[in-house]
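# Notes for the structure review
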Amino acid sequence: MEFRLLGTVSVDTRTGPLPLGPAKRRSLLAALLLSANTPVPVARLTDSLWGEEPPPRARGVIQGHVSRLRALLTGAEAQAYGVELVTLGDAYVLRVPETLLDYQRFEELLMLARQQRSAADTVRMLDDALSLWQGPALGGTFTEGPLQAAAHTLEESRLATVEELARAYADLGEHHRAASVLRAEAVAHPMRESLAAALILALYRAGRQSEALDWFHRTRRLLADELGIDPGHELADAYALILRGGPRPGAAPAGGTDAAGASRAGTGPAEGAGTTAPPGPRVPAAHNPSAAPHPTDLLPRAPRGFHGRNAELAALTRAAAGEAPVCLVTGPAGVGKTSLALQWAHHNPGAFPDGRLFADLRGFSETGEPALIDVLREFLLALGVAPRRVPESVSAAAALFRSLTDRRRLLVVLDNARDSATVRALLPGGTDCVTLVTSRNRLEGLIASDAARPVPLGILEPQDGTALLAGVLGEERILAEPVAARRLAELCGGLPLALRVTAARLAGRPQWTLAGLADELADERGRLTFLDVDDTGVSAALRLTVQQLPADAVRQLARLGHHPGGHFDPYTCAALAGTDPAAAAAALERLGSAHLVTETAPGRWVLHDLVRLYARGLDPASGAEALVDVLDHYIATALAAADTAEPGGEPCFVLPEGYRPAAVRDFADRAAAMHWLATERDDLARAAVAARGAGLHDRAWRIILLQWPQVVWRVRDSWAPLLELALDSARAKQDLYAESRVLNLLGWVLTEEGRTAEALTLLERSPGLAQQAGDRLGETTALINLAVVQAGQGELDRALEGCGRAVVLAREEEDRHTEMLALQHLARLQLSAHRPGDALGSARTALALGPEHEEAARRSLLLAVSGEARLALGEEDEGILLLDRAAEEAERAGYDEGAVRALEVLLRVSARAEYRTRHALALRRLTDGG
């Protein structure tokens, strides 16, 4: 058995490929295989199959496809191969040995190829890897959203492998074969410059110079016509090599190794990673003849134990390839900006024959910034200016510096810059000079005035974090506790400074275990203390950043430390800080500019874990007040969302004591309200958990219950644990009203999940609790939900009695919406009890209550009940007419389940081909999701 994603998605067996069926089923299989042996939540599968607009019955469609896939695998004796499709709560996991996955074998062959010492062995391995491809990845699926991203990633990996194969052929001197491999891909991907550059060099080295030049000009014209851009540095470098008659195989290149012909400057190996550092920036053919034979070099030593950051190093190289470039490395305190800048600078010495200058501008230091004249004096002296000839004013010294650097190839590193104005005075004058700036601020003014090219620096991935620890502690210590090492990297939040402090603590204490220190760091109360050593640490670095902020931004940061959720927006921030959303948004911009918060989507921000702990310590006394403020904000906003999503509905509850909402947003329509409820689900759950932990039970159950529109819409989305928390909080407050309301919703959710016995136990208590609390509408809803469960258990008489009582209560309360709901369920129960006349009467009464714009699903269900009642009364024509109307209303509203139900009844009494066709179409939509 073999699972294929590198081509059309398929499952090959001894008897041939399995008949997977429609594209949606292949898409589901692809999503499960891409996360093989890992639970994939239904929500993620829904995104993979439909994107942002899933059909109402998406979950049912997924369940149908999973059932069919499971049957196909069982029929193919998949279990004998260790393959099993399992349901785990609200997720599915496809257990499959990695050896049966073609994309896993592809990755394994790539890894083995890179470990070979012989170029011939490398070629064989790469050929085997590429032979696994049988067409574009994930063929036959709906490649949108996550699947589209996965297909793109796999294709990128294939193209990179083709380029590796060509390099291996070049190492063997087989440049004709390299050109042959590259040409087909360059034709298929004409605007992939790396392919074109590699092909041009292969043709040139094979002695086919005219073809190489022709291919360059063809690509150059295509880039200009299609994208309006000039060739990038790789293409331009390859072209320049040919024009100047650069070295071919067998000739030693001048000034370094012509490793792919793409570099015009020397390169060196990247420390610790076993890779090659990115090529240097553009270097012109001529340079200043008066340059000193021994160029000045003010760079500090290269960082030790540097790991990862290959993408950022490459981005710096691209940023440095322009004319008079200013490269701007930005990121939070402790993320490794200086290390990155020095790593790049030290591995590009040949690019700067006239020298490398360095200045620490100390923009975030307790000692204060150096005077600009002092920095300029150091630069001028390094460039050979006599001390007595250094001007005394900043403007004159800056002018002399620009003049001296006008015709030089020079690197200027300006570390720890606080603002754009300081940097501008230190920019060199030459078009061939490169300026590399690091800052905790975004320095957007420098981007605007000097076209600075930003290279944002984020946290390290866990594997790079563990590699950094290994660089200090040694591989043996990491390999002895790999799980604890990864946990340490995660607890340090991927922050290099925190990782280095952690490594320093462990290096000095060989008797400590990594697991022991990880347990210490897991306690948030002392984590920052453990991440400080001597005069270095996370707290010190963050303190220097915060000292530069205005008071309002510091207050906002301090309050954000007490936010219980993972994300926040200007409304949440305003509630926490007691301001308005506009002021909160301005404070967030200041914090974002200082890299203390990160904007993950427009108007949606997050705090790094270590920054959150530091922020919490800025004002620990305000924690209780901040929590109440944010809880009341969530209650007010969720109320507004529920009112917009279900206008005219009855409020869930009276407001809690001491309730003081602030900064409540408005929702334009139901879609916006439902989107907010879905987006904030995790944060609302965290807020409820925090409320319960703080003893604020009156807030906890309200925040959960207010999500009822989303619960109803996504009823099988694992709501039970959260509702059980709400139930515990309601009982902790001894609030009968709250307990009854929560039981109603929880009982209904359990019913929909098929846990009817548990639902019955809960719902039997709810009407009495509501009655004791004087909550008549709550009692009505409880009776309806209880009746549905009782009918399912065969207790039809009790169900009819309870539902009839619900109708009376709703009518007495003059709540037409609830009365209509009760009558709908009563009519269905009466039909089940063979009382079609009563069912018809109940349905008619309900339809008369609801306006024409009443929910289409409910109207369709009531019309279908009326039609079935007419049939049972022997009035076939009227029954068919009503069922036809029910199906039409459901079809117009996209309510395919209702359409299928009505049309199935019609087909039992009518042989019209139209009904059969409509039924087949509705069933297909329901199964395939549209």
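As a reminder, the structure under discussion sits directly above these lines.
Residues numbered from 1 in each chain as written. Predicted model: local features only at pLDDT ≥ 70, side-chain atom pairs only at ≥ 80, totals over all residues. Heavy atoms only, no water.

### A word on the overall build of the protein
- Tallying secondary structure elements over the protein gives 43 helices and 16 strands in all.
- Seen along its three principal axes, the alpha-carbon backbone of the protein occupies a region of about 105 × 70 × 55 Å.
- Taken across its 930 residues, the protein has 51% of its residues classed as buried.
- Within the protein, contacts between residues at least 6 apart in sequence are counted, and of these 68% link residues at least 24 apart.
- Roughly 40,800 Å² of accessible area belongs to the protein as shown, and the carbon and sulfur atoms make up 51% of that amount.
- On the protein, the mean spot of the 98 positive side-chain charges and the mean spot of the 119 negative ones are 4 Å from each other. (Helix = DSSP H or I, 4+ residues; strand = E, 2+ residues; numbered from the N terminus. Buried < 20%, exposed > 50% of the residue type's maximum accessible area, 1.4 Å probe, protein only. Contact = heavy atoms within 4.5 Å. Areas by Shrake-Rupley, 256 points an atom, 1.4 Å probe, with all protein chains shown as cover. Lys, Arg positive; Asp, Glu negative; His and termini not counted. Charge placed at Lys NZ, Arg CZ, Asp CG, Glu CD.)

### Some details on the packing of aromatic side chains
- Considering all chains together, one arrives at five aromatic pairs under this definition.
- Centroid distance Phe-216 to Tyr-239: 4.0 Å. Interplanar angle 5°. Geometry classified as stacked. Separated by 23 residues along the polypeptide, Phe-216 in helix H9 (residues 209-227) and Tyr-239 in helix H10 (residues 233-243) bring together distant segments of the chain.
- By relative accessible area, Phe-216 is classed as buried at 5%.
- By relative accessible area, which is 22% here, Tyr-239 ends up partly exposed.
- Aromatic pair Phe-379 and Phe-401: ring centres 5.5 Å apart, planes at 35°, arrangement tilted. Of this pair, Phe-379 sits in helix H13 (residues 372-382) while Phe-401 sits in helix H14 (residues 394-404), placing them 22 residues apart in sequence.
- For Phe-401, a relative accessible area of 0% translates into the label buried.
- A cation over an aromatic ring shows up here: Arg-158 above the ring of Trp-133, its NZ or CZ 5.7 Å from the ring centre. (Phe/Tyr/Trp six-rings, centres within 6.5 Å; stacked < 30°, edge-to-face > 60°. Lys NZ or Arg CZ within 6 Å of the ring centre and 35° of its normal.)

### A few points about the sheet that holds strand E9 (residues 411-415)
- Strand order in the open sheet formed by five strands is E8-E9-E10-E7-E11, and the pairing between neighbours is parallel. Among the strands making up the open sheet, the edge pair consists of strand E8 (356-360) and strand E11 (453-456). For this sheet, the mean angle separating the axes of adjacent strands, direction not counted, is 15°.
- Bridging between E8 and E9 involves five bridges; their strand directions are parallel. Bridged to Phe-358 within E9 is Val-413.
- Here helix H12 (residues 337-346) sits on the sheet in contact with strand E7 (326-330), E8, E9 and strand E10 (434-439), set at roughly 160° to E10.
- In this fold H13 packs onto E8 and E9, with an angle of close to 160° to the strand it touches most, E8. (Pairing = 2+ DSSP bridges. Axes fitted to C-alpha atoms, helices over the stretch in contact; angles between N-to-C directions.)

### Examining the packing of helix H38 (residues 816-832) against helix H39 (residues 836-849)
- Viewed as axis vectors pointing N to C, H38 and H39 meet at an angle of 160°, and their least axial separation amounts to 8 Å. What the angle tells us is that H38 and H39 run roughly antiparallel. In the packing of H38 onto H39, the handedness of the crossing is left-handed. On H39, the residues that touch Arg-816, Glu-819, Met-820, Leu-823, Leu-826, Ala-827, Gln-830 and Leu-831 of H38 are Pro-836, Asp-838, Ala-839, Ser-842, Ala-843, Thr-845, Ala-846, Ala-848 and Leu-849.
- Here the contact of H38 with H39 is built from residues that sort into eleven nonpolar, three polar and three charged. (Parallel < 35°, antiparallel > 145°, perpendicular 65-115°, else oblique. Left-handed = near helix turned anticlockwise from the far one by under 90°. Nonpolar A, V, L, I, M, F, W, Y, C, P; charged D, E, K, R; others polar.)

### Some remarks on the pairing of strand E6 (residues 91-95)
- Among the five residues in E6, four count as buried, and that is most of the element.
- Looking at chain direction, strand E4 (residues 40-41) and E6 are connected through two bridges and run antiparallel. Across the sheet, the residue bridging to Val-40 is Tyr-92, located in E6.
- Looking at chain direction, strand E5 (residues 84-88) and E6 are connected through five bridges and run antiparallel. What sits directly across from Leu-88, in E6, is Ala-91.
- Where E5 folds back onto E6 in an antiparallel hairpin, the turn is made up of two residues, including Gly-89, whose phi is positive at roughly 60°.

### Looking at the sheet that holds strand E3 (residues 16-17)
- Taken in spatial order, the three strands of this open sheet run E1-E2-E3, and their pairing is antiparallel. The strands lining the two open edges of the sheet, one partner per strand, are strand E1 (2-4) and E3.
- Pairing of strand E2 (residues 10-13) with E3, which is carried by two bridges, proceeds in the antiparallel orientation. Looking at E3, one finds that Asp-12 is bridged to Pro-17.

### A word on the environment of Glu-891
- Structurally, Glu-891 is set in helix H41 (residues 876-893).
- Residue Glu-891 is classed as partly exposed on the basis of its relative accessible area, which comes to 26%.
- Residues within four places of Glu-891 in sequence aside, it is in contact with Ala-899, Leu-903, Arg-918 and Arg-925.
- Within the structure, the side chain of Glu-891 is placed 3.0 Å from the side chain of Arg-918, a separation counted as a polar contact. (Polar contact = N/O pair within 3.5 Å; in protein donor to acceptor, adjacent residues only side chain to side chain.)

### Topic: unusual backbone geometry
- Phi angles above zero are rare outside glycine, and Asn-37 is one such case at about 70°.
- Tracing the backbone through its elements, the reader meets Asn-37 in the loop between helix H1 (23-34) and E4.
- Positive phi is not limited to glycine here, since His-834 has a value of about 60°.

### A short note on H12
- The buried fraction of H12 amounts to seven of the ten residues, a majority that puts the element mostly inside the structure.
- Every buried residue belonging to H12 is among Lys-337, Leu-340, Ala-341, Leu-342, Gln-343, Trp-344 and Ala-345, and all of these are buried.
- Here the buried face of H12 lies against helix H11 (310-319), E7, E8, E9 and E10.

### Side note on a nonpolar patch on the surface
- A surface patch of nonpolar side chains, about 250 Å² in accessible area, is lined by Met-191, Leu-227 and Ile-229.
- Looking at the secondary structure, you find Ile-229 in the loop between H9 and H10.
- On the accessibility criterion, Ile-229 (36% relative accessible area) is partly exposed. (Patch = residues over 30% accessible without salt bridge, like charges linked within 9 Å, V, L, I, M, F, W, Y side chains within 5 Å. Salt bridge = Lys/Arg side-chain N within 4 Å of Asp/Glu carboxyl O.)

### What to know about the pattern of salt bridges
- If you walk through the whole model with that rule in mind, you get 51 salt bridges.
- Here Asp-698 and Arg-699 are joined by a salt bridge, their closest N and O atoms 3.1 Å apart.
- Among the residues examined, Asp-698 registers a relative accessible area of 14% and is labelled buried.
- What makes Arg-699 buried here is its relative accessible area of 5%.
- For Arg-731, the salt bridge goes to Glu-739, with nearest N and O atoms at 3.0 Å.
- The class of Arg-731 is partly exposed, set by a relative accessible area of 37%.

### Details of the nonpolar core
- Membership of the largest hydrophobic core comes to 80 residues, with the highest contact counts inside it found for Phe-3, Ile-62, Val-83 and Leu-138.
- No other element matches helix H6 (residues 146-171), which puts ten residues into this core.
- Dropping the residues within four chain positions of it, Val-83 is found in contact with Met-1, Phe-3, Leu-73, Ala-78, Leu-94, Arg-95, Val-96, Pro-97 and Leu-100. (Core = buried A, V, L, I, M, F, W, Y, C linked by side-chain atoms within 4.5 Å.)

### What to know about the state of the cysteines
- In total, this model carries zero disulfides according to the counting rule given.
- Of all cysteine sulfurs, the one in Cys-327 lies closest to Cys-433, which takes part in no disulfide; the gap is 12 Å.
- Using a relative accessible area of 1% as the deciding quantity, one classes Cys-433 as buried. (Disulfide = S-S within 2.5 Å.)

### Considering the environment of Ala-575
- Along the chain, Ala-575 falls in helix H25 (residues 570-577).
- When its relative accessible area of 4% is taken as the criterion, Ala-575 is described as buried.
- In this structure the C-alpha to C-alpha distance between Ala-575 and Tyr-634, which are 59 residues apart in sequence, comes to 9.4 Å.
- If sequence neighbours within four positions are ignored, Ala-575 has contacts with Asp-629, His-633, Ala-662 and Ala-663.

### Points about the side chain of Glu-2
- Assignment of secondary structure puts Glu-2 in strand E1.
- Polar contacts involving the side chain of Glu-2 include one to the side chain of Arg-4, which spans 2.9 Å.
- At 2.3 Å, the side chain of Glu-2 forms a polar contact with the side chain of Arg-105.
- Filtering out sequence-adjacent residues up to four positions away, Glu-2 remains in contact with Ser-10, Val-11, Asp-12, Leu-100, Asp-102 and Arg-105.

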